[in-house]
Amino acid sequence: MSMNNDQLTLYGRIVSSRMLLGTAQYPSPAILANAVERSGSEIITVSLRRELPKGADGQSSGGSFWDLIQNLGVHILPNTAGCHTAKEAILTAKMARDLFKTNWIKLEVIGHHDSLQPDIFALVEAARELVADGFEVFPYMTDDLVLAERLLEAGCKVLMPWCAPIGSAQGPVNVHGLRAIRGNFPEIPMIVDAGLGRPSHATQVMELGFDAVLLNTAVAKAGDPALMGEAFGKATDAGRQAYLAGMLEPRDMAVPSTPVIGQAVFGEV
Ligand SMILES: CC(=O)[C@@H](O)[C@H](O)COP(=O)(O)O
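Per an unreviewed UniProt entry, the chain is named Thiazole synthase, and its organism is Cohaesibacter gelatinilyticus. Database annotation for the chain, UniProt heading Subunit (unreviewed entry): "Homotetramer. Forms heterodimers with either ThiH or ThiS." Here the chain is described in UniProt, under the heading Pathway (unreviewed entry), as follows: "Cofactor biosynthesis; thiamine diphosphate biosynthesis."

Below, the structure written as structure tokens:
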């Protein structure tokens, strides 16, 4: 599904798929595994405070979850979902590093109860400390230009602006903001994280020139998560291809698509 000659480099790791998938809220571990496989995702994000999928017996699957994700053969991006302070996020990141044996961390520091909007001050503080400690930080952030600058100064080499609140499925609510952040930092790998509800939302943000998308709820809560994972994978690739192909800008006036000079030819000449 992915275009092999159009790879993405994130902290030195090269991937072909531009869709990163979350692992929470699936009806079962088997369905999660199918969704990951059919989406083509090569990176999944896992929370230490995750909500455990139910096993076949309807009970929490516990340790089998860890076996399952390791068997998927994908790269793991641990996250600090559920943390509300820099201190808590830093501690969680360190525990994740020990558990998953990776320096990667998706840094979430939630600041607002209703919108789950990140606490941008604590985010920068935590990012600075984690980078100094050797982490490669993927910060979940709002689409704010000054925040982007501060996170880059703190040592982040990848940015993850939201497109809407986590789990809201609203899709890009501030296209202007996304365009601005993309345009101001053209060399920085940027992954749109959270709030995607439909495959067309993934296409839309990839058409804006973002490097990848990260989503969870829209796949996990779909009627058929594996099928939806595949749909998002294709939609992400379609948006990327359109971006690379170069799209027409909308025009105010009609422009004929067939020639207006010469004569129509009917019958024999
Ligand atoms: C899984 C994750 O890391 C979160 O950032 C979030 O859950 C993704 O957002 P959606 O669930 O809205 O796709």
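From this point, things continue past the structure.
Engineer: Which residues make up the site of the ligand, and what values do they have?
Structural biologist: As a matter of local geometry, the ligand sits amid T45, N79, K106, E108, I166, G167, D193, A194, G195, L215, N216 and T217. The separation between an oxygen atom of the ligand and a polar side-chain atom of D193 is 3.2 Å. Here an oxygen atom of the ligand and a backbone polar atom of N216 are 2.8 Å apart. About the coverage of the ligand: the protein hides 93% of its 350 Å² of free accessible area.

Engineer: An account of helix α4 (residues 120–132) is needed here, citing residue identities and associated values.
Structural biologist: Working note: α-helix, 3.6 residues per turn, so residues spaced by three or four point in the same direction. Between its first and last C-alpha, α4 extends 18 Å over 13 residues, near the 18 Å set by a 1.5 Å rise per residue. Within the span of α4, buried status applies to A122, L123, V124, A126, A127 and L130. Residues of α4 that are buried in the fold lie against α3 (86–100), β6 (104–107), β7 (136–141) and α5 (145–153). Just downstream of α4, G134 is the residue with a positive phi angle, here 95 degrees.

Engineer: Got a sec to walk through the pairing of β6? Specific residues and values, please.
Structural biologist: Within a regular beta strand, the side chains point alternately toward one face of the sheet and then the other, so they alternate between its two faces. The alternating pattern of β6 places W104 and K106 and I105 and L107 on opposite faces, both of which are buried. Bridge count between β6 and β7: four bridges; the pairing is parallel. Along β7, the bridge assignment pairs W104 with E136. In terms of handedness, the path from β6 via α4 over to β7 forms a crossover that is right-handed.

Engineer: Outline the environment of R182, supporting the account with residue identities and numerical values.
Structural biologist: Residue position: R182 is located in helix α6 (residues 175–184). Taking the C-alpha atoms as reference points, R182 and G209, 27 residues apart in sequence, are found 7.0 Å from one another. Those residues within four positions of R182 in sequence are excluded, and the remaining contacts are E187, I188, M190, L208, G209, F210 and D211.

Engineer: Outline the confidence of the model for the chain, listing residues and values.
Structural biologist: The predicted model of the chain has a mean per-residue pLDDT of 91, with 92% of residues at 70 or higher. Of the regions scoring below 50 in pLDDT, residues 51–58 engages in 18 contacts with residues more than four places distant in sequence or in other chains. Across the interface, the model reports ipTM at 0.96; the global pTM reads 0.91.

Calculation criteria
Residues numbered from 1 in each chain as written. Predicted model: local features only at pLDDT ≥ 70, side-chain atom pairs only at ≥ 80, totals over all residues. Heavy atoms only, no water. UniProt positions renumbered as here; feature names shortened; annotations may be inferred. Near = heavy atom within 4 Å. Polar contact = N/O pair within 3.5 Å; in protein donor to acceptor, adjacent residues only side chain to side chain. Areas by Shrake-Rupley, 256 points an atom, 1.4 Å probe, with all protein chains shown as cover. Helix = DSSP H or I, 4+ residues; strand = E, 2+ residues; numbered from the N terminus. Expected span 1.5 Å × (residues − 1). Buried < 20%, exposed > 50% of the residue type's maximum accessible area, 1.4 Å probe, protein only. Contact = heavy atoms within 4.5 Å. Pairing = 2+ DSSP bridges. Right-handed = clockwise from strand over helix to strand, strands pointing away. pLDDT = per-residue confidence, 0-100.

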